[in-house]
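A look at the structure
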Amino acid sequence: MLQQVNGHRSGSDAQGGKSLREDLQEFLGGEALLHELDDLTKVNPVTLETVLRCLQARYAADMFYTSAGCTLVALNPFKPVPQLYSPALMREYHAAPQPQKLRPHIFAVGEQTYRNVQSLIEPVNQSIIVSGESGAGKTWTSRCLMKFYAVVAASPTSLESHKIAERIEQRILNSNPVMEAFGNACTLRNNNSSRFGKFIQLQLNSAQQMTGAAVQTYLLEKTRVTCQASSERNFHIFYQICKGASVDERLQWHLPEGASFSWLPNPERTLEEDCFQVTREAMLHLGIDIPTQNNIFQVLAGLLHLGNIWFADSKDEAQSCQLMDDAKCSIRTSASLLQLPEDPLLETLQIRTIRAGRQQQVFQKPCSRAECDTRRDCLAKLVYARLFDWLVSVINSSICADPDSWTTFIGLLDVYGFESFPNNSLEQLCINYANEKLQQHFVAHYLRAQQEEYAFEGLDWSFVNYQDNQACLDLIEGSPISICSLINEECRLNRPSSAAQLQTRIESALAGSPCLGHNKLSREPSFIVVHYAGPVQYHTAGLVEKNKDPVPPELTRLLQQSQDSLLKVLFPMDPEEKSQEEPSGQSRAPVLTVVSKFKASLEQLLQVLHSTTPHYIRCIKPNSQGQAHTFLQEEVLSQLEACGLVETIHISAAGFPIRIPHQNFVERYELLRRLCTRTSPGSHSPSPDERHSEWSPHTKGATLQTLLQDILHTLPALTQAAATPGDPAEATPVPVHCGRTKVFMTDSMLELLECGRAQVLEQCACCIQGSWRRHRHRKQERQRQAATLIQAAIRSWLARKHIQRMHAAATAIKRTWQKWRIRMAFLASKELDGVQEKHVSQVPLPLGSLLLPQAQTSLLEAIIRLWPLGLVLANAAVGVRGFQRKLVVWACLQLPMGNPSSYAVQTAQEQAGVTSIRALPQGSIKFHCRKSPLPYADICPERSLHNVTGFNQILLERHSLGHM
């Protein structure tokens, strides 16, 4: 494709006489893929014609954004393209790993600035400068960028912070309709032209979340309130009131259907911006309630009626001009809406107050008809300017965050574009002066700085002859003599100055400037300034008066008498103001002119821009009629020449936009040395502590160069690793150059370095993760072993404690049982001894009964010796019988002497269990054959006919004794 461009270019040079239009048509007819060039630096050769062809091809394919090095070129489609600015597309650019690889878009620029803030690379603060002619789409671009940041810079975690973020975003977005309604108007070139400049500062906290915003405005074109050019309109808000107010509001504000106002030209035109309800809802979200809104619209209606006040010429200079018949109703209505007294209002417009002499004597002089009209216009411009400033302060108070809550910002600069009308005055001079300063900022920041830096760093560079506008700036603002200084001097002299006299002074004082011209065919006094965008003719009539912007003190005092609550806020009664209004002739302060104030605010803005990282968006208008699918080559070509786009493409294509100091480059990319093996085994990179403590400056510089060379030696390996198989780009030299203090590279090489760095960091992360997992596993294993040992020790300790308690309990039971057994044996033996003695001495027994067998005699002796055994045997099924059994029971129970038959002894056959020695039991006593706690209690002893041992053994061998 590029070869076709070159071939076509050479063919066109050979023909020579072919016009630009025919050349473009032939080129576009033969280049079917030209619209695929996303970057104008890929066009070869880089000329105005080839750049124009590429833009036209992309415009025909509905591709309205094209990169041009560091600049984004935006073509105004002049039609709605909703899919090009959808929230889904915003999220796509925000989530993309490399947004620069997507199609060029303003969202790509916005995402780049947002990621720069996240990276915290100095300078952290970012700024986006949107420039272009009026109607090129600057306001729309700024609006879309604000919506983009509202989407991507809001990711709160908690529900409360999410609600706060949504409220802030909504207020920031709602500031646009309000600012556009009160500050934009329909001009010859643009239906929604910004008639003021604004710098929107989007404030971000440490987490890169949007916490607020601040708006700073520059040079509102307040003269549009009272004076509109042919086919142009006043500010949008006036048309919104007249078209969108309800019937009751019309009655309240005296705006009947079909009413005609001299300050409201072209009311029949209906624009998209004439949406009154949108403005009201936006003001409501900004904290401006309905009563305050009605108050604002009432004041604006009063200004419209004020414009219908016309005066008739006075026949006598000593008499004031009288109102025309149609104006009497208008001044009454205007005074009513502004809540001003009617007579003082009329008197202030008709009579001028003069203070003269050392004693400041007051004189009143009737004004001429022109002076009355000027004072009327001044009153309206004063009220509208104060109202606009008050709205900006209300918006800032609503959306601005606390200074401690934000750390960085992204600035959006939307200023008026370059203007050239048939009748250009002070407003156009200031607007074009601002565009010249911004163009110089671009040239100084990018074009000139790059070339000078390349030369200083020792890089081979072929210089480009870029268009420098310093001569034009010297003409406008230079010292000691310039156009601004001459206009300010006329204001300080406080003398009548004619337009022809001012023209003569400018031409004579600045005749040597190459940017000053003169139109000899012009009938009106004027001068020509050759701007970077082309020559503009400025008329000198009214320049001095507009620069003075005089406000008669009686007008301010009149407005301070208003009973309207809003006007009381706009014009407070300040006691210091009165003293400042009456200075003496010796101590009169210098007049602060419009040009001086605008120059000071512009210098402040440029200081902010110089402290940020700038990004540029060049808006191009395909045609001046605002028609879609219409690409006029001549108009686009003039804009390309004016903004220096071709020089930008030249330097971007041949230069190196990325410049990193050596120290920062080594600190960030030193780890790339891990990707290649060390050339020398003894090479060792000193630690950071050694670098700061032991290195001398010379040694440090030498080591830094060594590290740089080591890092640069890894680039071919990175290039080969990134290249696809069969890609011929492997043989191309690496686009990196090492200068004296910085390393220069292209965007593609920076991307390659970042990929290599990410690869090394990923390897290091994997190594760290593996080491950490190994350490954690070992630690867990040691903890598991320690827990096992502790558990075993605890279990053994618990077992020992349990055994000790059981042993102590068994010992206590054994001891108690032994004591009880001995005591019972002792008691039994004692009782049996007493019973035996009584029985032998007192009870006579028959002779037959005393003669017992030997076995029974032995058994009786055993019973007497141990009475529990006797008790058991007496209840046994075998053994002694009859009287002997009863005798044994009687002897064991120690019954008193008497007839044994009178005592009834209940045996085991009559009742289960064993009868107690002391008394009869209440229930049965059962002996369970369980394991005895006594040692050897369950071992059966050797059977013997004459000896019985073991109480439990008797119970166990009960049936065995029956067979003996």
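This structure is a prediction, so every number in the text was calculated from the model and none was measured.

Right, let's talk about the UniProt feature "binding site: ATP" (unreviewed entry) in the chain for a bit. According to UniProt, the positions carrying the feature "binding site: ATP" (unreviewed entry) are Gly132, Glu133, Ser134, Gly135, Ala136, Gly137, Lys138 and Thr139. Put simply, the named residues that line the largest cavity are Gly132 and Glu133. Positionally, Ser134 belongs in the loop between β3 (126–132) and α6 (138–152). Looking at Ser134, the relative accessible area reads 3%, which means it is buried.

Attention now moves to the nonpolar core. Of all hydrophobic cores here, the largest spans 130 residues; its most connected members are Tyr149, Phe182, Ile296 and Leu300. If you tally residues by element for this core, the top one is helix α14 (residues 369–399), at 15 residues. Those residues in contact with Phe182 that sit more than four places away from it in its chain are Phe235, Ile237, Met283, Ile296, Phe297, Leu300, Tyr384, Leu387, Phe388 and Leu391.

Glancing now at the packing of helix α13 (residues 342–350) against helix α20 (residues 553–560). Between α13 and α20, the least distance of the axes is 10 Å, while the angle of their chain directions is 170 degrees. Classified by the angle between their axes, α13 and α20 sit roughly antiparallel to one another. When α13 is examined against α20, the residues Pro344, Leu345 and Thr348 are found in contact with a partner set consisting of Glu554, Leu555 and Leu558. Tallied by class, the residues present in the contact of α13 with α20 amount to four nonpolar, one polar and one charged.

On inspection of all chains with the given rule, the structure shows 25 salt bridges. Put simply, Glu427 and Lys546 hold a salt bridge, and the shortest N to O gap is 3.4 Å. Of the two residues, Glu427 sits in helix α15 (residues 426–457) while Lys546 sits in helix α19 (residues 543–548), which places them 119 residues apart along the sequence. Accessibility expressed as a relative area gives 13% for Glu427, which makes it buried. For Lys546, a relative accessible area of 32% corresponds to the partly exposed category. Put simply, Glu754 and Arg668 hold a salt bridge, and the shortest N to O gap is 3.0 Å. With Glu754 in helix α30 (residues 747–842) and Arg668 in helix α26 (residues 662–669), this residue pair connects regions lying 86 residues apart in the sequence. For Glu754, a relative accessible area of 26% corresponds to the partly exposed category.

The next thing to look at is the side chain of Asn294. Along the polypeptide, Asn294 turns up in helix α11 (residues 290–306). Not counting the four nearest positions on each side in its chain, Asn294 is found in contact with Glu249, Trp253 and Arg280.

Burial of strand β14 (residues 613–620) is extensive: seven of the eight residues sit out of reach of the surface. As defined by bridge partners, strand β2 (residues 71–75) adjoins β14 across five bridges and the pair is classed as parallel. Its bridge partner being in β14, Ala74 is matched across the sheet by Cys619. Of the strand pairs in this sheet, β3 and β14 are connected by seven bridges, and their pairing is parallel.

With antiparallel pairing, three strands are arranged side by side in an open sheet as β15-β17-β16. The outermost strands of the open sheet, each flanked by one partner alone, are β15 (658–661) and β16 (736–738). For this sheet, the mean inter-axis angle between neighbouring strands, taken without regard to orientation, is 20 degrees. Two elements, β16 and strand β17 (residues 742–745), share three bridges in a ladder whose sense is antiparallel. Looking across to β17, one finds that Cys738 is bridged to Val743. Sheet strands touched by α26: β15, β16 and β17. Its angle to β15, the strand with the most contacts, is close to 90 degrees.

Procedures and definitions
- Residues numbered from 1 in each chain as written.
- Predicted model: local features only at pLDDT ≥ 70, side-chain atom pairs only at ≥ 80, totals over all residues.
- Heavy atoms only, no water.
- UniProt positions renumbered as here; feature names shortened; annotations may be inferred.
- 1 Å grid on protein atoms, 1.4 Å probe; cavity = no way out; pocket = protein on both sides within 12 Å on 5 of 7 lines; lining within 4 Å.
- Helix = DSSP H or I, 4+ residues; strand = E, 2+ residues; numbered from the N terminus.
- Buried < 20%, exposed > 50% of the residue type's maximum accessible area, 1.4 Å probe, protein only.
- Core = buried A, V, L, I, M, F, W, Y, C linked by side-chain atoms within 4.5 Å.
- Contact = heavy atoms within 4.5 Å.
- Axes fitted to C-alpha atoms, helices over the stretch in contact; angles between N-to-C directions.
- Parallel < 35°, antiparallel > 145°, perpendicular 65-115°, else oblique.
- Nonpolar A, V, L, I, M, F, W, Y, C, P; charged D, E, K, R; others polar.
- Salt bridge = Lys/Arg side-chain N within 4 Å of Asp/Glu carboxyl O.
- Pairing = 2+ DSSP bridges.

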